[in-house]
Amino acid sequence: MKKILILGIGNVLYADEGIGVHFVNYIKDKYQFNHLSHQIDLIDGGTLAQSLIPLICQYHQLIVVDTVNSSEAKAGDVFFFDFDHAPAEIDWQGSAHEVEMLQTLTMMDMVGDRPATQVLGVIPTVIEPMTLGLTPSLIAAIPVMEKTLLGFLDEFGITAVQQQSIKIDDVIPDAYKRGVSYEAPHSV
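A short tour of the structure in this document, coming up. Remember, predicted model here, so these are calculated numbers, not experimental data. (Residues numbered from 1 in each chain as written. Predicted model: local features only at pLDDT ≥ 70, side-chain atom pairs only at ≥ 80, totals over all residues. Heavy atoms only, no water.)

### Section: the pattern of salt bridges
Using the criterion set out here, one finds 4 salt bridges in the structure. Two residues, K30 and E146, come together in a salt bridge whose shortest N-O distance is 3.0 Å. In this pair, K30 is assigned in helix α1 (residues 19–30) and E146 in helix α4 (residues 136–154), connecting sequence segments 116 residues apart. Considered together, K30 and E146 belong to a single accessibility category, that of buried residues. Note that R114 and D84 form a salt bridge whose closest N and O atoms lie 2.4 Å from each other. Here the residue R114 occupies a position in the loop between α3 (96–110) and β8 (116–122), and D84 occupies one in the loop between β6 (78–82) and β7 (90–91), the gap between them amounting to 30 residues. For R114, a relative accessible area of 13% translates into the label buried. (Salt bridge = Lys/Arg side-chain N within 4 Å of Asp/Glu carboxyl O. Helix = DSSP H or I, 4+ residues; strand = E, 2+ residues; numbered from the N terminus. Buried < 20%, exposed > 50% of the residue type's maximum accessible area, 1.4 Å probe, protein only.)

Written out as C-alpha cells, the structure reads:
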C-alpha cells in the first residue's frame, strides 16, 4: 500500500496565496478517489510548514499545492515538477510560507524523512492582505491544475469519481471556517 498526501499550502487571507488551500478543498469536495490498496489524503496545511513534519513523514508520496514564483512566467502559469529536480526558473523566495515550506522539505530530506515529493504550483497575481478569493488568472489556471493532478494520480491507478459539479469559487467563502486540518487524516 502506498500512502499519498495531497497537501494544500497557503494563507487564504492573502488572495492568490491561498490557492493551495482552496484547490485542495475544491478537489476534496468534488471528487472521491478510489484504489484497491493506496490511501489518498487531502489536507489543508495552511501555513504550518514545520509543524506538518510529523504528518508528512507518514506518507510515501507527497504532492504540495502552492504558489511558486518565476521571472520567466506570467500569473496563472502552472508548474508540476519533482521537488528534487525543480526547474531552474522557479524561485521559492516569495511569501514567508513558501520559504518555510521549502525549509521544511529540505530539513526532512536531511534526516531522510521526506517522501517522494511533487510540487503543483501556480504563479500568483495578487498577494494582498485581507483579501479572501482568487484573481481571474488563478481561477483560469484551475482546470490545468486539476487535469495535471488527476493525470498524476492516474499513473498510480487511482481513479477520481466526480461527486458533485462545483467551481473553486464555491469553496472559497468557507475556507477560513475549515481551518487547518492537522488532526489525524482520513482517507477519501
